[in-house]
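# Close look at the chain arrangement
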Amino acid sequence: MQTHISTTPFGRRTMTLGQIANQARAKAMPKEAVVNKWQVFQNIREARELLGATDRSLAILNALLSFHRETELSAEGELIVWPSNEQLIARANGVSPATLRRHLAILVECGLIIRRDSPNGKRFARRSRAGEIEQAYGFDLSPIVARAAEFNDLAEAVQAEKKAFRVARERLTLLRRDIVKMIDAGIDEGAPGNWGRVLQTYQATISRLPRTASRQLIEDICAELHDLHAEIRDVLESFAKTQNLNANESHFERHIQNSNPDSISESENSCREKKEANGSVAETDNVRSLPKRDLPLSIVLDACPNMRDAAQTGEIRHWRDFLAAAELVRTMLGVSPSAWAAAREAMGEVQAAIALAAIYQRADQINSAGGYLRSLTDKARDGKFSTWPMVMALLRARLDEGKQQQTPESVTSEPGARLEVSDSLLNSLRKRKL
């Protein structure tokens, strides 16, 4: 709030309607009104933004209050102080005369003090022979008494707003933490759902938050995140119930099989007959012979480094970041939503994203990414597909390329350029012909 002192052509200050109303309110205050000046000052400082006051102007108001000897301000007492500019500057931590005049005008404009000018513009008090003050010219502190209840209400409103803002921020923090944890749980547990799309929705909602957001905006974001939180929770709870039912049924079936020794040999014979009848037994056995553990994210990124460039943040630290990048890669490769949905359903969310990353890494060698993904999806439905061979082939190609480009000079000058893998993985790459 910018405040200026209006003057007439003769240098006298003008008076606004607000100042006239402030003076009338000061005259109308009850005579029995008594307030603690420092308590009222605390309320004014709390509500300074609503009043239009500044920190520097409140420092000057604090100095003015210090010139009144009593802690209690009474409507029947003397409420005018008349310090000189030099005294005010000394108690206001050495502000300049121009700054003093500007912030005194702000205090008057905000209705915190009233000017009582003498005929010559000086500030002084005329005393009687008994030493009592008969007439004083300076700054009238009566608004501190007259508006004490108003200042208290404004301070309470500001405190309530601060509390509501703090509660909204805490709720936002909890929602963000819980949603990220639930997305990670859904990905790790293989729960059905387009987790990459869910993560994109979450990130789009959070991106609307500026560095300094209002309480209303934070509450609006919280409402959207609450709905997203409820949807994810329902999916995970339903999936957990399904897993529990499946586990109970599996336990029941094992109990029946264990109670009948002949069932084991019969089951083995039937499986053997089915395999022999199938012409692709070798291919299926080859897929099943691959490691059962999931591919580590670090290995996938070593084999498919182009995914890092596709990430919105420029880095991929968790599987949720990888899935979000896969959603962008899918549109870049022109893979249709139906093909992408079929791949996720057949392979699972993470495995489909890994397959897409491998396709993206070899995009210059593949004519139709969508068609290739559909063929992999068909193989996954038949149990003839695993992402291990794709990733290992890409990783071995990178190792071979690094060996061809490596020279003694590059080894000494760029030790960090070599792709680092474990000995066990190197042995696996040497043994397998993928």
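Please refer to the structure higher up on the page.
Residues numbered from 1 in each chain as written. Predicted model: local features only at pLDDT ≥ 70, side-chain atom pairs only at ≥ 80, totals over all residues. Heavy atoms only, no water.

This part takes up a negative patch on the surface. Together, Asp-227, Glu-231, Asp-234 and Glu-237 make up a region of like negative charge exposed at the surface. Structurally, the position occupied by Glu-237 is in helix 10 (residues 215-259). (Patch = residues over 30% accessible without salt bridge, like charges linked within 9 Å, V, L, I, M, F, W, Y side chains within 5 Å. Areas by Shrake-Rupley, 256 points an atom, 1.4 Å probe, with all protein chains shown as cover. Salt bridge = Lys/Arg side-chain N within 4 Å of Asp/Glu carboxyl O. Lys, Arg positive; Asp, Glu negative; His and termini not counted. Charge placed at Lys NZ, Arg CZ, Asp CG, Glu CD. Helix = DSSP H or I, 4+ residues; strand = E, 2+ residues; numbered from the N terminus.)

Before going further, it helps to spend a moment on helix 16 (residues 337-347). Three or more residues of helix 16 are buried, namely Ala-339, Trp-340, Ala-342, Ala-343, Arg-344 and Met-347. In this structure, the buried residues of helix 16 make contact with helix 15 (319-333), helix 17 (349-361) and helix 18 (369-381). Gly-348, located one to two residues past helix 16, shows a positive phi value of around 105°. (Buried < 20%, exposed > 50% of the residue type's maximum accessible area, 1.4 Å probe, protein only. Contact = heavy atoms within 4.5 Å.)

What follows is about the packing of helix 15 against helix 17. The N-to-C vectors of helix 15 and helix 17 enclose an angle of 50°; their axes lie 9 Å apart at closest approach. When the axes of helix 15 and helix 17 are compared, the pair comes out oblique. Between helix 15 and helix 17 the crossing geometry is left-handed. On helix 17, the residues touching Trp-319, Phe-322, Leu-323, Ala-326, Val-329, Arg-330, Met-332 and Leu-333 of helix 15 are Glu-349, Val-350, Ala-353, Ile-354, Leu-356, Ala-357, Ile-359 and Tyr-360. Its residues placed into classes, the contact of helix 15 with helix 17 shows 14 nonpolar, no polar and 2 charged. (Axes fitted to C-alpha atoms, helices over the stretch in contact; angles between N-to-C directions. Parallel < 35°, antiparallel > 145°, perpendicular 65-115°, else oblique. Left-handed = near helix turned anticlockwise from the far one by under 90°. Nonpolar A, V, L, I, M, F, W, Y, C, P; charged D, E, K, R; others polar.)

The subject of this paragraph is the nonpolar core. In terms of nonpolar packing, the biggest core is built from 69 residues, with Trp-195, Ile-232, Met-307, Phe-322 and Met-347 touching the most fellow members. Considering each element in turn, this core owes the most residues, 10 residues, to helix 17. In this view, Met-347 contacts Ala-352, Ala-355, Leu-373, Leu-376, Thr-377, Ala-380 and Phe-385; residues no more than four positions away in its chain are not counted. Of all hydrophobic cores here, the second largest spans 35 residues; its members include Ile-60, Val-81, Ile-89 and Phe-151. (Core = buried A, V, L, I, M, F, W, Y, C linked by side-chain atoms within 4.5 Å.)

Let us now look at helix 4 (residues 55-66). Under the 1.5 Å per step criterion, the end-to-end length of helix 4 is 17 Å for 12 residues, consistent within 8% with the ideal 16 Å. Every buried residue of helix 4 is listed here: Ser-57, Leu-58, Ile-60, Leu-61, Ala-63, Leu-64 and Leu-65. (Expected span 1.5 Å × (residues − 1).)

Read these as spatial facts, not as claims about activity.
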